[in-house]
Amino acid sequence: MVVKVYGPAYATPKRVLVCLIEKEVEFETVPVDLLKGEHKDPEYLKLQPFGTVPVTQDGDYILYESRAILRYYAEKYKSQGTDLLGKTVEERGLVENWLEVEAQSYHPPIYTLTVQILFSSKLGFPRDENLIKESEEKLAKVLDIYEERLSKSKYLGGDFFSLADLSHLPFTQYLVDQMGKEYMIRSRKHVSAWWDDISSRPSWQKVLQLYAAPFKN
Amino acid sequence: MVESVTRRSTDRQDQQFPMATPVKVYGPPMSTAVSRVLACLLEKDVQFQLIPVNMFKGEHKSPDFLKIQPFGQVPAFQDESTSLFESRSICRYLCEKYAEKGNTGLYGTNPLAKASIDQWLEAEGQSFNPPSSVLVFQLAFAPRMKIKQDQAVINENEQKLAKVLEVYEKRLGESRFLAGDEFSLADLSHLPNTHYLVNASDRGELFTFKKNVGRWWGEISSRDSWKKVVEMQKQTT
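What counts and what doesn't
- Residues numbered from 1 in each chain as written.
- Chains lettered and ligands numbered in written order.
- Predicted model: local features only at pLDDT ≥ 70, side-chain atom pairs only at ≥ 80, totals over all residues.
- Heavy atoms only, no water.
- Helix = DSSP H or I, 4+ residues; strand = E, 2+ residues; numbered from the N terminus.
- Buried < 20%, exposed > 50% of the residue type's maximum accessible area, 1.4 Å probe, protein only.
- Contact = heavy atoms within 4.5 Å.
- Areas by Shrake-Rupley, 256 points an atom, 1.4 Å probe, with all protein chains shown as cover.
- Polar contact = N/O pair within 3.5 Å; in protein donor to acceptor, adjacent residues only side chain to side chain.
- Axes fitted to C-alpha atoms, helices over the stretch in contact; angles between N-to-C directions.
- Parallel < 35°, antiparallel > 145°, perpendicular 65-115°, else oblique.
- Left-handed = near helix turned anticlockwise from the far one by under 90°.
- Nonpolar A, V, L, I, M, F, W, Y, C, P; charged D, E, K, R; others polar.
- Salt bridge = Lys/Arg side-chain N within 4 Å of Asp/Glu carboxyl O.

Asker: Go over the overall build of chain B, please, and point to the residues and values.
Answerer: The secondary structure content of chain B amounts to 10 helices and four strands. For chain B, the α and β elements follow one another from N to C terminus as β-α-β-α-β-β-α-α-α-α-α-α-α-α. With respect to the principal axes defined by its C-alpha atoms, chain B has extents near 60 × 45 × 30 Å. Sorting the 237 residues of chain B into buried and exposed places 51% on the buried side. Taking contacts inside chain B between residues at least 6 apart in sequence as the whole, the part at least 24 apart equals 64%. Put simply, chain B shows about 11800 Å² of open surface, and 50% of that area lies on carbon and sulfur atoms.

Asker: Could you give an account of the side chain of Gln-48 of chain A, naming the residues involved and the relevant values?
Answerer: Residues and elements named next belong to chain A. By the element assignment, Gln-48 lies in the loop between helix H2 (42-47) and strand E3 (55-58). Here the side chain of Gln-48 touches Thr-52 through a polar contact of 2.8 Å, side chain to side chain. Those residues in contact with Gln-48 that sit more than four places away from it in its chain are Pro-54, Val-55 and Tyr-64.

Asker: Give me the packing of helix H1 (residues 32-44) of chain B against helix H10 (residues 224-235) of chain B: which residues, what numbers.
Answerer: Residue and element names in this part refer to chain B. The N-to-C vectors of H1 and H10 enclose an angle of 135°; their axes lie 9 Å apart at closest approach. Judged by the inter-axis angle, H1 sits oblique to H10. For the pair H1 and H10, the crossing hand works out as right-handed. Two secondary-structure elements touch here, H1 through Ser-35, Leu-38, Ala-39, Leu-42 and Glu-43 and H10 through Ser-225, Trp-226, Lys-228, Val-229, Met-232 and Gln-233. Tallied by class, residues from the contact of H1 with H10 come to six nonpolar, three polar and two charged.

Asker: Outline the pattern of salt bridges, listing residues and values.
Answerer: A complete count under the given rule lists 40 salt bridges over all chains for this structure. Arg-92 of chain A serves as the salt-bridge partner of Glu-96 of chain B, at 3.5 Å between the closest nitrogen and oxygen. Of the two residues, Glu-96 of chain B is situated in helix H3 (residues 87-97) and Arg-92 of chain A in helix H4 (residues 89-123); the pairing between them involves two chains. Owing to a relative accessible area of 27%, Glu-96 of chain B belongs among the partly exposed residues under this scheme.

In structure tokens form, the structure reads like this:
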């Protein structure tokens, strides 16, 4: 039975795709067109009641929330592929710490920037320039803390690539490509080196190759 | 009868009764994130030392505090040489490190149960927390701090929270607790914000007027662990 991942064109499901590739787990994808509102269809809401992507279907087992999916597959396939969790409870604790940082501090401002800059015209509302400015400032403050962290630690969760770093890939790719804000990464020496390292991983390059973003640059 | 005693690690070692250094939690109990960790510690029966951080005096932004929590937020946490922050990750760590202590089902006892708990913990963190935190600040804290409330922000976030609670109402009609039949970290994570909204604001009916959410709130908020946290919050105000 091959796990199905819904919504591969979008950023959040790409967290799951890159994780499955790192863990050498076979998967299939099922397209969901957010711009056509397919995520609000009754059939989709049966799988994911909040009406967001991704959701995964593994035989009868349905799981949503990308970071919950990451944790499940990283643990289930702990003995194959890349170790994304760490070898001890303490190492795992640090991975979880920085995965929560991504979820609570990095994701909100970068998600707002994504919606405002990349999706507003497609979704039919005007860009809120104040909100964009505020979000960029918030994100810059977070990146300053990352700069300090990454000057002492090769990866966010420790000296190994983990779920904490992986979770940053999709939206940061939007930031440096389609949003034209690469300077936010390049102006920070350690963040820049970390970004080059994690984004050049074959797993991430494969995801970008196979699943195009739903718009051109 | 043998009594187990938690002693400082500098005391004479006794091979038969292993000692535990209490873990350290930094921050005031009234903080929603700190109280999340306190509830977990009490559920897991893990000894802890609560170290005050005076946020009104800006202690959370002091250079010493920023060393253990670079975002200048509470809580911060230490377990011997392990330093962590972010309340939900501290809770996960406690459940894994002290798996055999206290409530052993808090983070599930098999991978599928754990994944379901993680799913609802993420729903809490990503969908429930943003609007409910804003409402907690606007309705419960702003008046105390003499900060002017923003009615537009209150309305916007009340609408967002109401939509999330519709999903919860359906879920809790099918399942006793969010992730399944047992109380878990996923339910626990909702205690801090909901407590303020139900007890310190006039929007409690968002929860209490819904049949299933109301039933669930009644159950989870009457747990001994949460009652103790509320007591700790009262003692320090």
